[in-house]
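# Results of the structural survey
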Amino acid sequence: MAQEHAYDYRAVKGFAISSLFWGIVGLLIGILISLQLVYPQLNVTSWLTYGRLRPLHTNALIFGFTIPAAFSIFFYLVQRLGRTQLAFPGLAKALLYLFNTAIVLAALSLFAGMSQSKEYSELEWPLDLVIVVIWVMFAIIIIGTIVKRKEEQMYVSLWYILATVVGVAIVFIGNNLVVPVSLFKSYSVYAGANDANVQWWFGHNAVAFVFTTIPLAIFYYILPKTTQAPLYSHRLSIIGFWSLVFAYLWTGAHHLIYTPLPDWIQTVAISFSIFLIAPSWASVINGYGTMKGQWEQMRTSYLVKFIILGITFYGLQTLQGPSQAIRAFSALTHFTDWVPGHVHMGTMGWVTMTISAGFYYMLPRIYNTELYSVKIANAHFWLVLMGQLIYSVTMWITGIRQGAMWQAMEADGSLVYSNFIDTLTPNYAFWNMRTAGGIIFFAGFLLFVYNLYKTIRLAPKASSA
Ligand code: HEM
Ligand code: HEM
């Protein structure tokens, strides 16, 4: 306990609050764009059109919610796992201010319609430069803390943290190499199919190094801590880590099946996508193995519920993803709602549930207090679970139907649905159900934020600074 005071949690607290704030913004925009798809009259001004708000939704939840959650929880984990104080705490404080300024500018630029027209890489070059500075600061703090650690062993969470630092840096810089033509406009240095290939190399590695390595670092720390059970296999965790980071880098072209990209590149991506089942499931098996003899905790501990449902959705996601990469499956589901169904099982299930477990575990500890209400945490769990299932299942149903309608042919080979609009309007009922799922999920998220706010309010004065 005496050691507790040696840790520096100021940036941990600041980034936690940023993440929760931008999470609320991103989810609200998600609900609005889900409505705009059915009620186009909600596109009230150019600043609030679907085309501008969709990237705002994705950017707010990737860069505004997930990344600062990682900054926060990683700054906690590197200190605890290294048994040392955060390196460069002043830099961490500067990072907090720079980061939030950048997110505000990013949101304004997207509202104003500025875009590089690359998914998840929409921000124009001046903001990309700021992001590079932010990432270098983040890397210095993380690597600096790991280098001066007092614990010789590097637990697997630290490997996943390092993979996030290095992986994001490589793919972000690779995809954002542009020729600026003015302060707010630039063109990619790549052309045509090459540009698409680099874009999806980046795109799927955003999935790898934001939506996979971040929650995995949290998962591997919280699960044994919460259950008080030893990790099922350290060897499996390390084999899983190295094979995962190796394989992910080759899978990007599975977003470009049946495109002008050379067939062999698509085949390499498909092969690595299928291979990825193994390292992904190494973590799922490690999770379930750790629970051996502990399953009753699924009833008694809200934290275990979040973490085990989270890894279960990860397991399902990493079976669904490789299936989608196969040519015959992609032909049916690509461009349909099936894909947002896949995305949101991962983001609303795996990513958000694991980050929630991370905050629930960490915040009461660093504020020297107890969680305000376990009842509210349980209500949060059931609401986000229900909201996410409604979202994903409705999108899978309507996605398969869309694919089938687009492929349906008369006996003479002509299309049954030659008017595209006829394949669009039947989706409306499902899209409305998705909005309902989103609202239920958002209600759960609000309970989460309220619970954490009240927890922080319970903190003794000395800990709440
Ligand atoms: C074994 C692991 C995985 C594989 C092989 C995989 C495969 C795929 C494929 C083939 C697509 C493209 C579907 C299409 O457009 O037709 C896709 C889309 C996507 N996946 Fe996965 N997936 C995996 C895991 C995950 C995980 C864990 C997440 C976490 C949230 C995730 C998030 C996404 C996102 C965000 C997209 C949409 C990209 C876009 O079009 O904007 N995937 N995935
Ligand atoms: C209230 C919950 C949410 C709602 C209502 C919602 C709604 C939406 C909608 C309507 C789209 C566009 C789908 C389309 O193109 O047809 C979308 C895309 C997306 N959302 Fe969400 N969302 C929610 C939560 C989240 C969360 C928590 C994350 C990430 C942490 C996220 C990340 C994404 C991503 C990456 C895409 C792009 C998917 C693609 O290109 O296929 N969303 N969301």
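To start, this report covers the structure provided alongside it. (Residues numbered from 1 in each chain as written. Chains lettered and ligands numbered in written order. Predicted model: local features only at pLDDT ≥ 70, side-chain atom pairs only at ≥ 80, totals over all residues.)

### As for the overall build of the protein chain
Rule in force here: Secondary structure counts use DSSP, requiring at least four H or I residues in a row for a helix and at least two E residues in a row for a strand, with both numbered from the N terminus. The reference for a compact globule is 2.2 Å times residues^0.38; the radius of gyration itself is calculated from the C-alpha atoms. Three exposure classes are used. Buried residues have 20 or more other C-beta atoms within 10 Å of their own C-beta, exposed residues have 12 or fewer, and partly exposed residues fall in between, all C-beta atoms being placed from the backbone. Throughout, a pair of residues is in contact if the C-beta atoms placed from their backbones lie within 7 Å.
Check the secondary structure of the protein chain and you find 17 helices and 2 strands. Computed over C-alpha atoms, the radius of gyration of the protein chain comes to 22 Å, within 12% of the 23 Å expected from 2.2 N^0.38 for 465 residues, which places it in the range of a compact globule. Counting only C-alpha atoms and orienting by the principal axes, one finds that the protein chain spans roughly 80 × 55 × 45 Å. Every one of the 465 residues in the protein chain was classed for burial, and the buried ones make up 47%. Taking the intrachain contacts of the protein chain between residues at least 6 apart in sequence as the baseline, contacts between residues at least 24 apart amount to 83%.

### Thoughts on the site of ligand 2
As a reminder, the rule being used: In this analysis a residue is considered near a molecule or strand if the C-beta atom, reconstructed from its backbone, is found within 6 Å of that molecule or strand. Asp, Glu, Lys and Arg are counted as charged, while Ala, Val, Leu, Ile, Met, Phe, Trp, Tyr, Cys and Pro are counted as nonpolar; the rest, among them Gly, fall into the polar class. Where each domain begins and ends is defined by an automated method or by a domain database.
Around ligand 2 sit 22 residues in total, of which Gly-30, Ser-34, Leu-61, Thr-347 and Gly-438 are the nearest. Within the residue set of the shell around ligand 2, elements represented by two or more residues are α1 (10–36), α2 (50–82), α14 (338–366) and α17 (428–458). It is α14 that contributes the most residues to the shell around ligand 2, 8 residues altogether. Residues belonging to the shell around ligand 2 are distributed by class as follows: 12 nonpolar, 9 polar and 1 charged. Each of two domains, domain 1 (1–189) and domain 2 (225–465), supplies a minimum of three residues to the shell around ligand 2.

### Observations regarding helix α10 (residues 277–290)
Residues three or four positions apart in an α-helix share a direction because the helix packs 3.6 residues into each turn. Rules: One less than the number of residues in a helix, times 1.5 Å, gives the span that helix is expected to have. What the arc measures is the spread of directions leading from the helix axis to the C-beta atoms.
With 14 residues, α10 should cover 20 Å at 1.5 Å per step; its first-to-last C-alpha distance of 20 Å lies within 8% of that length. For α10, the complete set of buried residues consists of Pro-279, Ser-280, Ala-282, Ser-283, Asn-286, Gly-287 and Thr-290. Down the axis of α10, the buried set is contained in an arc of 150°. They therefore lie on one face. On its buried side, α10 packs onto α7 (213–227), α8 (234–248) and α12 (302–325).

It is worth stressing that arrangement in space is one thing and function is another; only the former is reported here.
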